[in-house]
Every structure is written in C-alpha cells, then in structure tokens.
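# Fold and contact review
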Amino acid sequence: MSHTVHGMRATRLQRSTLAVPASNPSMVEKAAESNADVVFLDLEDAVAPNDKEQARKNAIQLLNDIDWKAKNKITSVRINGLDTHYMYRDVVDVVEQAGAKLDVILIPKVGLPQDVYMVEAMLNQIEMAMGLNKKIGIEALIETPLGMANVEAIAAAPSRLEAMHFGVADYAAFHKARTVNIGGLNPNYPGDQWHAALSRMTTACRAYGIRPIDGPFGDFSDPDGFRDACKRGAALGIEGKWAIHPSQIDLANDEYSPTEAEVERAQKILVALEEAAAQGKGAASLDGKMIDAASEKMAKNVLAVQEVLKARAA
C-alpha cells in the first residue's frame, strides 16, 4: 500500500440522479416528490437558447420554494458550459440567490483541471460575499475526448470536486461513434464500447476520493437495457446512474442498493474474519471460498451503504 492515500472528499447517497430541465417548473416539482437521491436542475442541454434566462430564474425560485431537505433530496444545478456567455450568470445568480439551498454544481464538458478551478474560484468569492456557511460541492461531467484524456489530472487537482459523471451522449458524438441509443450497446461492437471510458474514469475517481457516476440511458422504454447498464456500472464500482425519465429512478435505486443476500454475506464475512483473527489467522474460509483483508473491505463497503439506507428509512 502506498504511503499516499486519498480519502473520500464527500460521501453522498447517489444511486439515482434525476435530470430535469429548469425551463419546466412542473417537472421539477414532480421530481422533488420522486424517489431520486439527487435532482439536478438543468440549465444546459435540455434548455433551448431562448429559454436560458427564464430557466435560470426558475431554478432559483424552485430551489428556494421547495423544502428539498425534507424530501431527502440532494440538489444540483447543471450550469452552461464555460465556453458560453450564460455560464457566469448561472453561477453568480444561482449561488447568490439560492446558494443556501444548493448542494452541488455540475459542470458540463470539463476538459482540464482549470475548468473546475474557474468555477471554484467563483464559488469561493460568492460564498464569502454572501456569508454562506457551507461550501457548495462541484461535480464534473466527463463527456469529451479532452476530458477523458485529462481525467486523472482533473481528479488529482486539489479542489472541492466530489464526483465525476460519464456523459455518454456527447462523448459518443465527439468520437463520431456509431450508436443505436444513448448509452446503449452497439451490436457490431464485441462487448461494451463504453467499458474502457467508464473504467478509466472510475479508476481516477477511486484513486483521489471522488464518486464515479454513470450518465444517461436514452431508451426509457427499455427497462431491461437500463438495468443491464446499471449492473455493468455497479460491477466496475460506480455508485449510481442518471435517470432521464421517472421510470428509471426505482430501477437505478434497486440496482445500486445492496441486496439482502449481499448484506447477509457481508455480515458473515466480518464474523468469520473476526473469529479467524482470534485464532491468529489472517484469512478464513466461508462457504468454501477464501476470504481475507480485501474481503473485509468489500464487506464494509456494502454495509456502509446499507447503514445510510437504514438511516434514511428511519
């Protein structure tokens, strides 16, 4: 084990992230009543240029008017890109007028560590000026070749960055990839064409204490395809997935929550290793399989999520 270890920068339950255009207040109000862990009010791709300013005003009002904490929601706003003239007003107006109700800002198309630095510098100044007591977190959308080429540097840079999301739609477009459905699998590719990108982003996240989150799956009429995508992500160590339709929320929550069997096995692993340790052994056997210190870490990961879910249910 290296002497250098990066702990988690921020821990949040983020099994499902529901994307909602801020240009549609009724959709946002319904999102607040949903089972989504995170709701992000979109000011970027889901909002037409002529609606950008009104969407920003809507986001401010909706953040302030809805009791998000009572509804167990993490609140997020996806600002417009750093290459647009909308971005600075998104940050300034939303944080100045609704910063106390905002948990994180999602930055689209992050390509360099400096992109995160720019938004953080703005947040630092606004929070000081407004006397905000809490620091608003930052999440980065990795959805360009530049962002993926620099994903380790983005993760490694000291910042308030706490999560990375894989934006598969723009990523495919920038790569000129042949796709059949946003986030879906092309049958002409021998396997999962998004695996390498997701794996690389996840590794960068885990190396530097950042949560990895998978992005959208466009065909909301295909629940089995969505579930399969969640299963593949969970197998890699990803913590959650976007829902672009309410029907995907419970599917994501289900797939990114530990099952009863997983919880039971995790508990058995800890008991078996404790008994082995009492006998001076560093490893043990459980159900015909060897378990050791790595098994203990994996078991504790499962039980940590279960404890958060139990606390929320209470």
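Overview of the structure. (Residues numbered from 1 in each chain as written. Predicted model: local features only at pLDDT ≥ 70, side-chain atom pairs only at ≥ 80, totals over all residues. Heavy atoms only, no water.)

## What to know about the pairing of strand 4 (residues 104–107)
Neither face of strand 4 is open: one carries Val104 and Leu106, the other Ile105 and Ile107, and all of them are buried. Assessed by its sense of winding, the connection that carries the chain from strand 3 (residues 74–78) through helix 3 (residues 87–98) to strand 4 is right-handed. Once you follow strand 4 into helix 4 (residues 113–130) and on to strand 5 (residues 137–142), the crossover reads as right-handed. (Buried < 20%, exposed > 50% of the residue type's maximum accessible area, 1.4 Å probe, protein only. Helix = DSSP H or I, 4+ residues; strand = E, 2+ residues; numbered from the N terminus. Right-handed = clockwise from strand over helix to strand, strands pointing away.)

## Some thoughts on the sheet that holds strand 7 (residues 211–214)
Sheet strands line up and pair through hydrogen bonds in the backbone, either parallel or antiparallel. The parallel closed barrel is built from eight strands, whose spatial order is 1-2-3-4-5-6-7-8. Along the sheet, successive strands turn relative to each other by an average axial angle of 25°, direction set aside. Two strands pair when backbone bridges link them, and strand 2 (residues 38–42) and strand 3 are joined in this way by five bridges, in the parallel orientation. Residue pairing across strands places Leu41 opposite Val77, the latter belonging to strand 3. (Pairing = 2+ DSSP bridges. Axes fitted to C-alpha atoms, helices over the stretch in contact; angles between N-to-C directions.)

## Details of the packing of aromatic side chains
In this description, an aromatic ring pair is defined by two values, namely the gap between the centres and the angle between the planes. In this structure the tally under the stated criterion is three aromatic pairs. Geometrically, the ring pair formed by Phe217 and Phe226 is edge-to-face, given 6.2 Å between the ring centres and 75° between the ring planes. The pair Phe217 / Phe226 is uniform in exposure class, with both members buried. We note Lys52 situated over the ring of Tyr86; from NZ or CZ to the ring centre the distance is 5.7 Å. (Phe/Tyr/Trp six-rings, centres within 6.5 Å; stacked < 30°, edge-to-face > 60°. Lys NZ or Arg CZ within 6 Å of the ring centre and 35° of its normal.)

## Points about the environment of Asp51
The residue Asp51 is located in the loop between strand 2 and helix 2 (52–65) in this model. A residue is classified by how much of its surface remains accessible, and Asp51, at 37% relative accessible area, is partly exposed. When the C-alpha atoms of Asp51 and Asn80 are compared, they prove to be 12 Å apart, with 29 residues separating the residues in sequence.

## Description of the state of the cysteines
Taken as a whole and judged by the stated rule, the model has zero disulfides. Left without a disulfide partner, Cys205 is nearest to the cysteine sulfur of Cys230, which lies 17 Å away. Given a relative accessible area of 0%, Cys205 falls into the buried group. Take Cys230: its relative accessible area is 0%, and that puts it in the buried class. (Disulfide = S-S within 2.5 Å.)

## Digging into the pattern of salt bridges
Applying the stated criterion to the full structure yields 28 salt bridges. Residues Lys109 and Asp170 are paired through a salt bridge, measuring 3.4 Å at the closest nitrogen-oxygen approach. In this pair, Lys109 is assigned in the loop between strand 4 and helix 4 and Asp170 in helix 7 (residues 168–175), connecting sequence segments 61 residues apart. Measuring nitrogen to oxygen at the nearest pair gives 2.8 Å for the salt bridge that ties Arg200 to Glu152. With Arg200 in helix 8 (residues 195–207) and Glu152 in helix 6 (residues 151–156), the pair connects residues that are 48 residues apart, well separated along the chain. Taking relative accessible area as the criterion, Glu152 reaches 32% and is therefore assigned partly exposed. Through salt bridges that share partners, Asp42, Glu44, Asp45, Arg78, Lys109 and Asp170 make up one connected network. (Salt bridge = Lys/Arg side-chain N within 4 Å of Asp/Glu carboxyl O.)

Geometry only, nothing functional implied.
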